[in-house]
Amino acid sequence: MLATLKDILQEMLSYQLYKKTQGKIVRQCTAATIAVILFGGLWQLSNLLMSHTPLIHYGVPFVLALVFLWFSYRIVNYPIFADFLIQVEAEMRKVSWPSTSELVNSSVVVIVVMFFLAGLLFGYDLLIKNLLVLCGDWGRSLFQTLGIF
């Protein structure tokens, strides 16, 4: 069911928390992340307003910061979004996280395989380059005819 603009505004202007005991950690982290992103935009806005009076230079970003703080607090308590975040936290509790040694071993394997594949591709590149140099114009025209180069 789609919410009307009136419902959304009413929810954003409310001060009550939706299911305040559930999904606390993920809601706090989400609100903090939203606030950090919005404050990054305010920092840029402040830099753009440097040539204006101090009231505009500091006042506009300050007022917008208050609005954005309220927005980030209210959006994580909006029922549809809050239910999603509560479900995310519930699913994250079901995840079996690896131990430190498993994490280190897996990371080492991935890094070693990446270096091996990079070396293999480098070797293939050198091989093809040397084959083209040896073949000269005949090899180049053959590859162009086949649509390779």
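Right, let's walk through the structure included here. Note that this is a predicted model, so its numbers are computed, not measured. (Residues numbered from 1 in each chain as written. Predicted model: local features only at pLDDT ≥ 70, side-chain atom pairs only at ≥ 80, totals over all residues. Heavy atoms only, no water.)

Ranked by size, the top nonpolar core spans five residues in total: Val26, Ala31, Ile75, Val76 and Leu85. Beyond its immediate chain neighbours, meaning those up to four positions away, Leu85 contacts Val26, Arg27, Thr30 and Val76. (Core = buried A, V, L, I, M, F, W, Y, C linked by side-chain atoms within 4.5 Å. Buried < 20%, exposed > 50% of the residue type's maximum accessible area, 1.4 Å probe, protein only. Contact = heavy atoms within 4.5 Å.)

Bringing the packing of aromatic side chains into the picture now. Within the structure shown, the criterion is met by one aromatic pair. When the centroid spacing of 5.4 Å and the interplanar angle of 45° are considered together, the rings of Trp70 and Tyr73 count as tilted. With Trp70 and Tyr73 both in helix α3 (residues 54-75), this residue pair falls three residues apart, about one helical turn. For Trp70, a relative accessible area of 36% gives the class partly exposed. A relative accessible area of 33% places Tyr73 in the partly exposed class. (Phe/Tyr/Trp six-rings, centres within 6.5 Å; stacked < 30°, edge-to-face > 60°. Helix = DSSP H or I, 4+ residues; strand = E, 2+ residues; numbered from the N terminus.)

Relative orientation of the contacting elements helix α2 (residues 24-48) and helix α4 (residues 79-94) amounts to 120°, with a least axis distance of 8 Å. Relative to α4, the element α2 lies oblique. For the element pair α2 and α4, the recorded crossing hand is right-handed. Here Lys24, Ile25, Val26, Arg27 and Thr30 of α2 come into contact with α4, specifically with Phe81, Ala82, Leu85, Ile86, Val88, Glu89 and Arg93. (Axes fitted to C-alpha atoms, helices over the stretch in contact; angles between N-to-C directions. Parallel < 35°, antiparallel > 145°, perpendicular 65-115°, else oblique. Left-handed = near helix turned anticlockwise from the far one by under 90°.)

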